[in-house]
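As a plain string of letters, each chain reads:
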Amino acid sequence: MGILAVALAACDSGNVSTVDEGEQSEDLKAFLEAPPKTSSSGAHRQSDPHAELSADKLAQVALQHLDESRPELAMESLNSALAKFPGNAMLLSLRASLFLQQQQTSLALTDLNRAIEINPHDPILLTNRAQALRQFGRKDEARRDLDSAIELDPGFIGAHFNRGSLHFEAEQYDLALADFNRCIELQPDVPAPYFNRASTWEALGKRDEAIIDLERFLSLQPEENWAQVARDLLTQWDPDQS
């Protein structure tokens, strides 16, 4: 039985302070939808609507493009923003997250290394870099980053989830169980840790506990593909599910 490989909260906005969609759009729209500036002669002057935005606002422009399923525009926005603010860890983190989503791991790692040089005490950056290192098979380095992230923020579920997954892959099931337990303690309504804890219980030979966790996983309405995997496992493990 496999485990969910998602990284909860790891592909975060890099500490961007986002707001509700309606609240966010009013301020942003007011700037983006402002009428074109005119010269002293009254002629319209073409200008970049983002030219005067701060790094935070440019990050929100990119996030809005992502929310609207326009990753190409999000990447263009981040590239332009980083040309203006090359040492901004938040923008580097956002672009790295987008690179990770696009499986461009080497580029993501480059951005994350730069961001961590700028802000070495950000647990989100360390967790995202652990993702990239893990994809390169550099699991010891990934685990060290996750240990550091948890030391900085013991309540960061993304770091516990990813470290638990690494422990599971290393067949260190007791350590994996401790991390997944912590995830569930922190956020009991998030589905993925229940699936991974079920996998861990099964590896430890405790099927009854695994079944309980799969049922809880399904009750939280997870992504459909993984929900089907869980239903298939329940059918195999529990005759009452047939």
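Look up a bit, the structure's there.
Residues numbered from 1 in each chain as written. Predicted model: local features only at pLDDT ≥ 70, side-chain atom pairs only at ≥ 80, totals over all residues. Heavy atoms only, no water.

**Q** Could you clarify how one ought to interpret the packing of helix H3 (residues 71-84) against helix H4 (residues 89-101) in this entry?
**A** In a packed pair of helices, the relevant descriptors are the angle between the two axes and the axis-to-axis distance. It is the contact of H3 with H4, at a shortest axis distance of 10 Å, that shows an interaxial angle of 150°. It follows that H3 is roughly antiparallel to H4 by the angle criterion. As for how H3 packs across H4, the hand of that crossing is left-handed. Contact residues: H3 offers Pro 71, Ala 74, Met 75, Leu 78, Asn 79, Ala 81 and Leu 82, while H4 offers Leu 91, Leu 92, Leu 94, Arg 95, Leu 98 and Phe 99. Looking at side-chain class alone, the contact of H3 with H4 contains 11 nonpolar, one polar and one charged residues. (Axes fitted to C-alpha atoms, helices over the stretch in contact; angles between N-to-C directions. Helix = DSSP H or I, 4+ residues; strand = E, 2+ residues; numbered from the N terminus. Parallel < 35°, antiparallel > 145°, perpendicular 65-115°, else oblique. Left-handed = near helix turned anticlockwise from the far one by under 90°. Contact = heavy atoms within 4.5 Å. Nonpolar A, V, L, I, M, F, W, Y, C, P; charged D, E, K, R; others polar.)

**Q** Sorry if this is basic, but what is going on with the packing of aromatic side chains here?
**A** Aromatic rings in a pair are described by how distant their centres are and how their planes are angled relative to each other. Taken as a whole, this structure holds four aromatic pairs when the rule is applied. With centroids separated by 5.4 Å and ring planes inclined at 65°, the aromatic side chains of Phe 168 and Tyr 173 adopt a geometry described as edge-to-face. Classification of Phe 168 by relative accessible area gives buried; the value is 12%. An aromatic cluster is built from Phe 195, Phe 217 and Trp 226, whose rings are joined through pairwise contacts. (Phe/Tyr/Trp six-rings, centres within 6.5 Å; stacked < 30°, edge-to-face > 60°. Buried < 20%, exposed > 50% of the residue type's maximum accessible area, 1.4 Å probe, protein only.)

**Q** When you look at the side chain of Ser 165 in this model, what are you seeing that I'm missing?
**A** If you trace the backbone, Ser 165 turns up in helix H8 (residues 157-169). Polar side-chain contacts of Ser 165 include one of 3.5 Å to the side chain of Asn 196. (Polar contact = N/O pair within 3.5 Å; in protein donor to acceptor, adjacent residues only side chain to side chain.)

**Q** Whenever I open this one, helix H11 (residues 207-219) confuses me. Can you help?
**A** Quick reminder: α-helices carry 3.6 residues per turn. Residues three or four places apart thus point the same way. Given a rise of 1.5 Å per residue, 13 residues ought to cover 18 Å, and the 18 Å separating the end C-alpha atoms of H11 matches this to within 8%. Of all the residues in H11, the buried ones are Ala 210, Ile 211, Asp 213, Leu 214 and Phe 217. Looking straight down H11, one finds its buried side chains confined to an arc of 165°; they lie on one side. Projecting away from the buried face of H11 at angles above 90 degrees are the exposed residues Asp 208 and Ile 212. Each element contacted by the buried residues of H11 is listed here: helix H10 (192-203) and helix H12 (224-237). Positive backbone phi, approximately 55°, marks Gln 221, located one or two places after H11. (Expected span 1.5 Å × (residues − 1). Arc of directions from axis to C-beta.)

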